[in-house]
Amino acid sequence: MPAPEHHRIHRSGWLRAAVLGANDGIVSTASLIAGVAAAQSSHGAILTAGLAGLAAGALSMAAGEYVSVKSQADVERADLKLEQYSLKRNSADELQELTQIYVRRGLDPALAKQVARALTAHDALDAHARDELGISTQTRARPLQAAVASAMSFAVGAALPLLLALLAPGSAIQIPLVAAGSIACLALLGAVAAWAGGAPKTAAMLRVSTLGALAMALTAAVGALFGAAV
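Treat the numbers as computed from the prediction; the structure is a model and nothing was measured.

(A) Representation of a nonpolar patch on the surface in the model. A cluster of nonpolar side chains, contributed by Tyr 66, Val 67, Leu 144, Val 148 and Met 152, occupies part of the molecular surface with about 490 Å² of accessible area. Mapped by element, the contributors of at least two residues to the nonpolar patch are helix 2 (43–89) and helix 5 (143–167). Counting residues per element, the nonpolar patch draws most heavily on helix 5, which supplies three residues. Among the structural elements, Tyr 66 can be located in helix 2. According to the relative accessible area criterion, Tyr 66 is partly exposed, its value standing at 34%.

(B) Highlighting the environment of Ala 56. Within the secondary structure, Ala 56 is located in helix 2. Separated by 99 residues in sequence, Ala 56 and Ala 155 have C-alpha atoms that sit 9.7 Å apart.

(C) Spotlight on the pattern of salt bridges. The final tally for this structure, using the stated rule, is five salt bridges. Between Arg 105 and Asp 131 there is a salt bridge whose closest N-O contact spans 3.2 Å. One end of the pair, Arg 105, is in the loop between helix 3 (91–104) and helix 4 (109–131); the other, Asp 131, is in helix 4, with 26 residues separating them in the sequence. When the shortest N-O distance is used, the salt bridge between Asp 131 and Arg 130 registers 3.5 Å. Residue class for Asp 131 comes out buried when judged on its relative accessible area of 11%. A network of salt bridges, in which partner residues are shared, links Arg 105, Asp 126, Arg 130 and Asp 131.

(D) Representation of the environment of Ser 68 in the model. In this fold, Ser 68 is placed in helix 2. The exposure class of Ser 68 is partly exposed, given its relative accessible area of 46%. Expressed as a C-alpha distance, the spacing of Ser 68 and Ala 147, which sit 79 residues apart in the sequence, is 9.5 Å.

(E) Structural context of helix 4. With 23 residues, helix 4 extends only 16 Å from end C-alpha to end C-alpha; this falls clearly short of the ideal 33 Å at 1.5 Å per step. Largest kink in helix 4: about 120 degrees, centred on Asp 123. On its buried face, helix 4 sits against helix 2 and helix 3. Two or three places before Ala 110, at the opening of helix 4, Asp 108 has a side-chain oxygen 3.0 Å from that residue's backbone nitrogen.

(F) Looking closely at the UniProt feature "transmembrane region" (unreviewed entry) in the protein chain. The sites that carry the UniProt feature "transmembrane region" (unreviewed entry) are, in the present numbering, residues 17–39, 45–67, 146–167, 173–196 and 208–229. Here residues 45–67 is 100% helix and 0% strand, with 32 Å between the C-alpha atoms at its ends. End C-alpha atoms of residues 146–167 are separated by 32 Å, and the span's content is 100% helix alongside 0% strand.

Rules and cut-offs
- Residues numbered from 1 in each chain as written.
- Predicted model: local features only at pLDDT ≥ 70, side-chain atom pairs only at ≥ 80, totals over all residues.
- Heavy atoms only, no water.
- Patch = residues over 30% accessible without salt bridge, like charges linked within 9 Å, V, L, I, M, F, W, Y side chains within 5 Å.
- Areas by Shrake-Rupley, 256 points an atom, 1.4 Å probe, with all protein chains shown as cover.
- Salt bridge = Lys/Arg side-chain N within 4 Å of Asp/Glu carboxyl O.
- Helix = DSSP H or I, 4+ residues; strand = E, 2+ residues; numbered from the N terminus.
- Buried < 20%, exposed > 50% of the residue type's maximum accessible area, 1.4 Å probe, protein only.
- Expected span 1.5 Å × (residues − 1).
- Bend = angle between axes of the 7 residues up to and from the residue.
- Contact = heavy atoms within 4.5 Å.
- Polar contact = N/O pair within 3.5 Å; in protein donor to acceptor, adjacent residues only side chain to side chain.
- UniProt positions renumbered as here; feature names shortened; annotations may be inferred.

The structure is reproduced here in C-alpha cells:
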C-alpha cells in the first residue's frame, strides 16, 4: 500500500496570514526604530515608539485581515446560497452544467454524466462549490483564524527588533544591531515559510531579507534627514 501524501494546501489560510503578520511586524517595527534612532532620539523615545508600533500594528493587522477575509467569506457565502437556490429550481440544468465541466476536463460525455449524477446524489452543493465555483473546505475563507494569526504573528515579529533595541542602549550600535538582527530574523522567517509551504528556501530568504533591508534603510534615511532638519 503506498504511503499517504502529505499535502500543504490546508495550511494556506493561516500560513499566509502568519507569514504576512510576522514579516510586517519585523519590517515595520525595525524600520520605525531605525528611523526614530536616526533622528537622534533618546533611548526611551525609541522604545516607546517601537512598543506603540507593536500594539498599533498588531491591532491594525487583525482588523485589516478580518475585514478582508470576511469580505471574501461573504462572497463565498452569497455564491453558495445562489447555487443552492439554482439546484432547487433548475436541478436538471445544474446537472448538465456539472457534466459539461467534467467533459471539459477530459472525461467522456457518458462517464462525465455518470460522475455528475453520482456526486449530485452524494452532495450536490459540495460538488458545484468545488468544481464550478472553486470553493473547497481546504481553501474556505476563515476571517477569525486569519485575524488571530495575523495579530499574534505581528506581535511576535515586532517583539524581535524591539528586544534588540532594548539590549542596545548606545545609539552608535543600536541601528546596526537592530538592522542586522532583523534581517537575520527575516531570512529565518523566509526559510520557515518556504519549508511549511514546500517552496525553495533560498529564494524566499533572499526576497524577504532584501526587501526588509531596503525598507529599514529608507526609513533610517528619512529619520536622519528630518532629525537633522529639526
